[in-house]
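Observations on the three-dimensional arrangement
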Amino acid sequence: MSAPTPLRVLLVDDEELARRVLREYLSRDPGVEIVGECANGFEAVRAVSETKPDLLFLDIQMPKLDGFEVLELLDREVAVVFVTAFDEHAIRAFEVHAVDYLLKPVSEEKIGRALARVRERGVAGPPVSRLVADAKPDQPRPIDRLLVRDGTRVHVIQASELDYAVARDDYVELHSGGKDFLKHQTLNDLEAQLDPERFVRTHRSYLVNVERIAKIEPYAKDSRIAVLHDGTQIPLSRSGYARIREHS
Amino acid sequence: MHPILSRPSWLALYLASWIPVAALFGIALHVLAQVPLAEAFADAAGLTAVLAFVCLSAWYPSRAQPIAGAGTMGFLLTHAVAAVISSGVWLALGRAWVALLERDPGWQGAGARYNSLLPGLFLVGMLFYLLAAALHYLALVAAKSRQAEQKALELLVQAREAELKALRAQIDPHFLFNSLNSISALTSSDPASARRMCIELAEFLRRTLVLGQRERIPLAEELDLAEGYLRVEQVRFGSRLRVEREVDEPALASPVPPLLLQPLVENAVRHGIAQTLEGGTIKIAAKRDGSRLHVSVSNPRDPDGRARPGAGVGLRNVAGRLATLFGTEARLDAIAGGDSYLVELDLPAGEVS
């Protein structure tokens, strides 16, 4: 069984021994080429951009970024097989269209079955990152941190450190401590993820951390602006002003 | 032995409480029976002193004849007979005391006056006996209910401790699955290490089961268990996991509840080492300070980490066990620093067995 082009596989697990056992099984399959190994989520996000694998063997519990967060940050389509000791994430795994969900200790037969599924199904399908964004039923809300991809780097912003966010077409511009980050997400979606007690939609294009608001000033006739502690001026729509008043 | 007689301080208090009775008795003899004042008080002093001890004797029939379960007739008969005997003994001893007084020429006629009062005094003696018996029954009932309360409390503590111990003895299944996965990885590449890890794992499991059965174990054994656990995790985490131990000699022998430290060490791995890219050092420290034992576990921590579901359960269980076993005598403090986490226990060091 020699495929014309081997399946390009990336292994992601923070434990060396867990990667070793996968490598051992996969190396016996001539149709598989292991293009890299990553010990954490940051490396994985970068490696997916650089090595362009067809398939990811992905652990879930890892430091800094967990497996789902890695998928959320990927910029290209890739088939995913989760390998984990935890069975409680299975439902969410299939909601992000994982090809398979393998439990540790993992057997060679299960790996073979997962490979067969990938070959049968191909790597085609909707981009995983989009699916992850859509399907987060068991993700605790409100979320307590935001992940932003910047080239091959990943920034982690604590939700409490976010000052305000501005809608920019398909992106949101996140402002935190004088720095800003661009994230591929709609403002509506971001608003739904954040704590409504803390973040208020002051305008169609603005979501503001209410703890940052220093004062509200009249602007032109019939309109107002919010001034943040650092002096930033945020437009207030009529309904936005009502929401702020309701809040305080 | 009567509970009052067995404690000198109680006995002193008891006798002191009879002093006003003696005074009233003297006044009654003088006013009601026209006994000369000095003689009345002298009579009363001796009679009351004897009466105080005669009343204590009511304890024996009261204890022998419990209020519940005895036949009414038997109960009444016992105390009627006891009342007659007590009163008789009291008056006989009282007669002896008066005879002693009569030796003094100034007290002539005291014996005759005493004899004339005998019927009335006999009734008084019976009444005092019955009053004493009633008070003894009250005391017995109170003691019994206190005992029952104490026992119920002890049972509750035992039940809670058993529950927490059982909870503790449950081994984290993820630890097992991950360890087995490591062994699986080692079987082909490093069979000797795979075997060593199997043995370490078995040793840890066996010790967890055995230690959980005991009431108290020396801290040294608890530390051995934790180190066995860390040796297994060491295989998984490699250079990410480092362990430091700083334990003074007297602390090692101090008895501690089994599996008290283990959840803290497991947390240090699960929420510390496993959540940081570079890992770090888990430091276990213990020292004995007079009658107190201080134990602490610290680990590195990711300051940007997520709040993880399930965090805090282990800590709550340890705090619960400490509260059950030591009440306010023990405390647990968890201190989250920027990139480190520290849990400190402070508990009674206990007797070294």
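Residues numbered from 1 in each chain as written. Chains lettered and ligands numbered in written order. Predicted model: local features only at pLDDT ≥ 70, side-chain atom pairs only at ≥ 80, totals over all residues.

1. Observations concerning the overall build of chain B
Under the convention used in this document: What counts as a helix is a DSSP run of H or I of at least four residues, what counts as a strand is a run of E of at least two, and both are numbered from the N terminus. The exposure scheme places C-beta atoms from the backbone and then counts, for each residue, the other C-beta atoms within 10 Å of its own, assigning buried at 20 or more, exposed at 12 or fewer, and partly exposed in between. By definition, residues are in contact whenever their C-beta atoms, placed on the basis of the backbone, come within 7 Å of each other.
When you go through chain B residue by residue, the secondary structure sums to 12 helices and 7 strands. A burial count over chain B gives 31% of its 353 residues as buried. Taking all contacts inside chain B whose residues are at least 6 apart in sequence as the whole, residues at least 24 apart take part in 72%.

2. A word on the sheet that holds strand β13 (residues 213-218) of chain A
All names here are of chain A. Put simply, the rule is: For two strands to pair, DSSP has to find at least two bridges joining them. Helix axes are fitted to C-alpha atoms over the stretch in contact, other axes to C-alpha atoms as well, and angles between N-to-C directions run from 0 to 180 degrees.
Strands sit in the order β13-β14-β15 across an open sheet of 3 strands; the sheet is antiparallel. Where the open sheet ends on each side, the last strands, each with one partner, are β13 and β15 (233-236). Across the sheet, the axes of successive neighbouring strands diverge by a mean angle of 30°, strand direction being ignored. Relative to strand β14 (residues 224-228), β13 runs antiparallel, the two sharing 5 bridges. Bridged to Glu217 within β14 is Ile225. Of the strands in this sheet, β13, β14 and β15 are in contact with helix α8 (residues 238-247), which crosses β15 at around 105°.

3. A few points about the interface of chain B and chain A
Selection rule: We call Asp, Glu, Lys and Arg charged. Ala, Val, Leu, Ile, Met, Phe, Trp, Tyr, Cys and Pro are nonpolar, and the rest, Gly among them, are polar.
With 21 residues of chain B at the contact, the number on the chain A side is 20 residues. For the side of chain B that touches chain A, the leading source of residues is helix α7 (residues 173-189) of chain B, giving 11 residues. Of the residues belonging to the side of chain B that touches chain A, the class tally is 7 nonpolar, 10 polar and 4 charged.

4. Some thoughts on the confidence of the model for chain B
The predicted coordinates should not be examined in detail at positions where pLDDT is low. Worth spelling out the cut-off: A score from 0 to 100, pLDDT tells how confident the predictor is in each residue.
Summary statistics for chain B give a mean pLDDT of 88 and a share of 96% for residues scoring 70 or more. Across the interface, the model reports ipTM at 0.74; the global pTM reads 0.67.

5. Overview of unusual backbone geometry
Residue and element names in this part refer to chain A. Of the consecutive residues Lys104 and Pro105, the connecting peptide bond is found in the cis state with omega at -5°. Tracing the chain through its elements places Pro105 in the loop between β5 (100-103) and α5 (108-121). Backbone geometry at Lys52 places phi at a positive 45°, although glycine is not the residue there. Along the chain, Lys52 falls in the loop between α2 (41-51) and β3 (55-58). Even without being a glycine, His97 presents a positive backbone phi close to 60°. Note on placement: His97 falls in the loop between α4 (90-95) and β5. His97 sits in the partly exposed class, given 16 other C-beta atoms within 10 Å.

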